[in-house]
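# Fold and contact review
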Amino acid sequence: MTRFIFITGGVVSSLGKGLASAALGALLQARGFKVRLRKLDPYINVDPGTMSPYQHGEVYVTDDGAETDLDLGHYERFTGVASRQSDNVTTGKIYSDVIAKERCGDYLGATIQVIPHITDAIKEFIVSDITDEDFVLCEIGGTVGDIEGLPFLEAIRQFRNEIGPDLTMYIHLTLVPYIPSSGELKTKPTQHSVKELLNVGIQPDLLLCRADREIPEGERRKISLFCNVHEDAVIPALDVKTVYSVPVRYHEEGLDNQVCRHFNLDAPAPDLTRWIKIQDCVLVPEGEVNIAIVGKYTGLMDAYKSLTEALDHGGITNNVKVHINWLESEVFESEDALSHLEGVHGILVPGGFGERGSEGKISAARFARERQVPYFGICFGMQMAVIEAARNMAGISGAGSTEFGDCEKPVVGLMTEWMQGDQLQQRTQNDDMGGTMRLGAYDCTLADNSRARNIYGQPVITERHRHRYEVNTNFKDQLEKAGMRVSGTSPDGLLPEIVEIPDHPWFIGVQFHPELKSKPFDPHPLFTSFVNAAVNQSRLV
Ligand code: GLN
């Protein structure tokens, strides 16, 4: 029997609803339950694929090729359950499906309305693609009171009415701010936020209260009284030093106990050994390394969420703290900016789009290659490393990417066709921007005796992609002769997926996004190896 938990947020955004949902998923999993996590996003875009990382943070890609909200990354990192296309929906997607059905005449002449047509479509999404899950956790994006969120709240209100309170639970995440002038934690914003929920007919069953300090008994009682929530179900969610402490801390505060109590479940206590081990590793590292990330969206951490998490995972396996020096690639184009790279133990150029800042990334790749500093190029970072190698190792002047317009030597060019399973995919310059990249999981064959093959320890791997351009195989021989080896390709051998420089301590570029599959309890081998190379480098400098 599947139970549904709906997680809403109030007072302010960015309270960590995604993390809280992911941590609850991990706790229920640790009690032996099968969980699935989903995100319902009220914005109008059909998916976040076309949104700027400045607006929305990283776009998380699933195996089945969906471009989704970054919270799905938290869900995967905390539960290990691979997210699917069917785990993220937006207002835009719901409306476009409903409108497409209307155009087909499926509604038999009815007037299409928010209630019931849109809310029905939302409820259909909630129950879709579920097999034997014990719990489906649905996080509602945004903050209660947002105009876009109303149909979603209405849908989950109807949902409980239909399947009953025994199978549904509403959790509301709020903020209990500390006011320095009065020296008190204030419960009023939580009261208002719950009132806002009550306005749309939802009485929360449990409140998760974010606060920067202990919530005194009196305040907890007050919240319980005014918000009509049992006192034991007012759970303090205090700031923690590492996100990987969240499951343990929430358990100590009674979160999973209360959830089990709500559903009348007599489940065994959770086995938290995994989380305690990770938490201890993160909190007491044996050393540290400095990694420079040369990117374009360095002003917003969320733009590189999975990346920084994957580096942390690499740190966990190597028992070191990974410090990140964020370097804005554009600034990096001036000569003396290279001095920022002096002494770093590794350089990482992440995924990216567009010409702005690209020359800075090329300079960073050159610095790493020439100065023998470990280099990890991811997607765009691989493409920039290949352009650098083409120009400065293979002597191909005019080497560039057609992503930036016509170029003399298109070492990186638009992918016009590729195989997806046994299906040929074709693209042109004029295709829509949304959902048309090479997306999702593809196999990659690793070359014998390569560093990549050695790191992965297997001949064929599967990694997630999100790109429109690729390294042009016509230049492969020239690059290989000059010292940059293509060590991974698509199974048909047509698309270069990994490049490496054998004559370098650690220089690898990958066309895919390994960071999306890394988990704290199962760190990605490339990140483990890269951080290890950085540890070795730190012993030299
Ligand atoms: N802009 C490049 C492409 O589309 C790289 C994309 C990426 O880094 N995700 O191929």
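Since this is a predicted model, take the numbers as computed values, not measurements.

Definitions and cut-offs
Residues numbered from 1 in each chain as written. Predicted model: local features only at pLDDT ≥ 70, side-chain atom pairs only at ≥ 80, totals over all residues. Heavy atoms only, no water. Patch = residues over 30% accessible without salt bridge, like charges linked within 9 Å, V, L, I, M, F, W, Y side chains within 5 Å. Areas by Shrake-Rupley, 256 points an atom, 1.4 Å probe, with all protein chains shown as cover. Salt bridge = Lys/Arg side-chain N within 4 Å of Asp/Glu carboxyl O. Helix = DSSP H or I, 4+ residues; strand = E, 2+ residues; numbered from the N terminus. Buried < 20%, exposed > 50% of the residue type's maximum accessible area, 1.4 Å probe, protein only. Pairing = 2+ DSSP bridges. Axes fitted to C-alpha atoms, helices over the stretch in contact; angles between N-to-C directions. Contact = heavy atoms within 4.5 Å. Near = heavy atom within 4 Å. Polar contact = N/O pair within 3.5 Å; in protein donor to acceptor, adjacent residues only side chain to side chain.

## Describing a nonpolar patch on the surface
A cluster of nonpolar residues, Tyr-95, Ile-99, Val-114 and Ile-115, forms a patch on the protein surface that exposes about 330 Å² of accessible area. Mapped onto the fold, Ile-115 is located in helix H5 (residues 114–127). For Ile-115, a relative accessible area of 46% gives the class partly exposed.

## Concerning unusual backbone geometry
Along the chain, Ile-115 connects to Pro-116 via a cis peptide bond; the corresponding omega equals 15 degrees. By secondary structure assignment, the location of Pro-116 is in helix H5. Positive phi, normally seen in glycine, also occurs at Val-11, with a value near 75 degrees. Locating Val-11 in the fold gives a position in the loop between strand S1 (3–9) and helix H1 (17–30).

## Structural notes on the sheet that holds strand S17 (residues 409–414)
Here we have three strands laid out as an open sheet, ordered S16-S17-S22, and mixed in their pairing. Only two strands of the sheet have a single partner each, and these edge strands are strand S16 (399–401) and strand S22 (469–471). Averaged over all pairs of adjacent strands, the angle between their axes in this sheet comes to 30 degrees, without regard to strand direction. In terms of strand pairing, S16 meets S17 through three bridges, oriented parallel. What sits directly across from Ser-401, in S17, is Val-412. On top of the sheet, helix H14 (residues 380–392) reaches S16, S17 and S22; it is set at about 160 degrees to S16, its chief contact.

## Regarding the site of the ligand
Residues in close proximity to the ligand include Gly-351, Gly-352, Phe-353, Cys-379, Phe-380, Gln-383, Glu-403, Arg-466, His-467, Arg-468, Tyr-469 and His-513, which together make up its full environment. Within the backbone of Phe-380, a nitrogen or oxygen atom sits 3.1 Å from an oxygen atom of the ligand. The separation between an oxygen atom of the ligand and a polar main-chain atom of Tyr-469 is 2.8 Å. Protein coverage of the free-state accessible area of the ligand, which is 290 Å², stands at 99%.

## A few points about the sheet that holds strand S13 (residues 320–328)
Reading across the sheet, the nine strands line up as S13-S12-S14-S15-S25-S24-S23-S20-S21 and stay open at both edges, with mixed pairing between neighbours. The open sheet is flanked by S13 and strand S21 (460–467), the only strands paired with a single partner. Sheet twist, expressed as the average angle between the axes of neighbouring strands with direction ignored, equals 25 degrees. Against the sheet, helix H13 (residues 358–371) touches strand S12 (287–295), strand S14 (346–349), strand S15 (375–378) and strand S25 (507–510), its axis set at about 150 degrees to S14. Relative to the sheet, helix H17 (residues 525–540) contacts S12, S13, S14, S15 and S25, its axis offset from that of S12 by approximately 115 degrees.

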